[in-house]
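Residues per chain, in single letters:
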Amino acid sequence: MFVLAELKDTVRIAPELFNLKLPEAIKDEVNRKLANKVLLNVGLCITLKDIVKLGDSIILPGDGASHTEVNFRYIVFRPMVGDVITGKIRSCSREGVHVTLGFFDDILIPPSALQHPSRFEEAEQAWVWEYPLEDGKKHDLYMDIGESIKFRVSGELFEESSPIGPPDQEAPSTSTTTTDASKTPYRIMAAINESGLGLLSWWVTQNQEEDGEEEQEEVEGEDEEMEEEDE
């Protein structure tokens, strides 16, 4: 789920930070620049792991800051396809179930990757698994906001977002501009359409029922043994 990315950058240290040791100043600046940011095809940056190599520091004409080429390793959130992760349901929509990990919210379980059959309840704004019973009936299992949910990573999507300049007063706004502004730089696609995945409460209840049946069978077996001994 977390990986080490080897990165290279030229770090600018302002004059007011010259009282710090160079590695300490570079660490603070790298974290300020990258922490909680998404790098294209790399992932969500969490924190600096270590500095691998420091180059020479130079001062450019007209700029009193120092500029140092740095090779470093950064801890990045980028789960592998197939990883099983537990999060919480953030919201539901016709697009699917939206899941959060607390520090990362852009996880989507599309309708095709939910347990089958499932339906979306407009009034409740929740997806419902129509769990089949032995008598042919169905029991509705709601996917409510805040519930813990276990899912499998099925894919990832990176989108490059460009800085947006000031609006042009003469040119009318277009839908393309709006779309670009609302791009999500990194999304995870997930699935729960297999046994053991989905709301944790579903499988806890099922395990409790199975344990209860096993205990009942053990008790019945002990009763039968006692009856045979009495005879």
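In this text, all values refer to a predicted model and were calculated from it rather than measured experimentally.

Caption draft 1: Fine view of the overall build of the chain. A count of helices and strands for the chain gives three helices and 13 strands. Burial statistics for the chain: of 231 residues in total, 29% are counted as buried. Long-range contacts, defined here as pairs at least 24 residues apart, represent 65% of the contacts in the chain between residues at least 6 apart. Working note: accessible area of the chain is about 14,900 Å², and carbon and sulfur atoms make up 49% of it.

Caption draft 2: Local environment of the packing of aromatic side chains. All told, the structure shown has eleven aromatic pairs when counted by the stated rule. Between F104 and Y186, the ring centres sit 5.4 Å apart and the planes meet at 55°, which makes this aromatic pair tilted. Taken together, the residues span a long stretch of sequence, with F104 in the loop between β6 (96–100) and β7 (107–109) and Y186 in strand β12 (residues 186–191) at a distance of 82 residues. Each of the two residues, F104 as well as Y186, counts as buried. Judged by centre distance (4.4 Å) and plane angle (10°), the ring pair of F158 and Y186 falls under stacked. With F158 in strand β11 (residues 148–158) and Y186 in strand β12, this pair connects stretches of sequence that are 28 residues apart. As far as the burial class goes, F158 and Y186 line up, both buried. An aromatic cluster is present here, built from F2, F77, F103, F104, F158 and Y186 joined pairwise through their rings.

Caption draft 3: View of the pattern of salt bridges. According to the stated counting rule, one finds 13 salt bridges in the structure shown. Salt-bridge contacts for E130 lead to R119; the nearest nitrogen and oxygen are separated by 3.0 Å. Of the two residues, E130 is situated in strand β9 (residues 126–132) and R119 in strand β8 (residues 118–121); the sequence distance between them amounts to eleven residues. Overlapping salt bridges, with partners in common, bring together R119, E121, E130, K138 and D140 in one network.

Caption draft 4: Fine view of unusual backbone geometry. The residue after H116, namely P117, is reached through a cis peptide bond having omega 0°. Here P117 lies in the loop between β7 and β8. A positive phi is found at N36, a non-glycine position, where the angle reads about 65°. Following the sequence through the fold, N36 ends up in the loop between α1 (22–34) and β2 (38–39). With relative accessibility at 58%, the residue N36 sits in the exposed group.

Caption draft 5: Molecular detail of the sheet that holds strand β1 (residues 2–13). Spatial strand order, β1-β4-β3-β2: four strands in an open sheet with antiparallel pairing. Two strands in the sheet have a free side with no partner beyond their single neighbour: β1 and β2. Here β2 pairs with strand β3 (residues 43–59) via two bridges, running antiparallel. Looking across to β3, one finds that V38 is bridged to L44.

Caption draft 6: Just the nonpolar core, in detail. If you look at the biggest cluster of nonpolar residues, it comprises 31 residues, and the most contacted ones within it are V97, I107, I109, M143, F151 and I192. Of all the elements in the fold, those that place two or more residues in this core are β5 (84–93), β6, β7, β9, β10 (138–143), β11, β12 and α3 (200–230). With sequence-adjacent residues up to four places away left out, I107 is seen in contact with V97, H98, V99, L101, F151, I188 and A190.

Caption draft 7: Spotlight on α1. Compared with the 18 Å implied by 1.5 Å per residue over 13 residues, the 18 Å span of α1 between its first and last C-alpha is a close match. Taken together, the buried residues of α1 touch β1, β2, β3 and β4 (66–77).

Caption draft 8: Main features of the pairing of β11. When β5 meets β11, the two strands line up antiparallel, connected through five bridges. Considered in β11, the bridge of K88 is made with S148. Direction of pairing for β11 relative to strand β13 (residues 198–199): antiparallel, over a ladder of two bridges. For K150, the partnering residue across the bridge sits in β13 and is G198. Examined bridge by bridge, β11 and β12 share six bridges and lie antiparallel to one another. Counterpart to R152 in the pairing with β12 is A191.

Reading the values: the criteria
Residues numbered from 1 in each chain as written. Predicted model: local features only at pLDDT ≥ 70, side-chain atom pairs only at ≥ 80, totals over all residues. Heavy atoms only, no water. Helix = DSSP H or I, 4+ residues; strand = E, 2+ residues; numbered from the N terminus. Buried < 20%, exposed > 50% of the residue type's maximum accessible area, 1.4 Å probe, protein only. Contact = heavy atoms within 4.5 Å. Areas by Shrake-Rupley, 256 points an atom, 1.4 Å probe, with all protein chains shown as cover. Phe/Tyr/Trp six-rings, centres within 6.5 Å; stacked < 30°, edge-to-face > 60°. Salt bridge = Lys/Arg side-chain N within 4 Å of Asp/Glu carboxyl O. Pairing = 2+ DSSP bridges. Core = buried A, V, L, I, M, F, W, Y, C linked by side-chain atoms within 4.5 Å. Expected span 1.5 Å × (residues − 1).

Nothing here speaks to function; it is all geometry.
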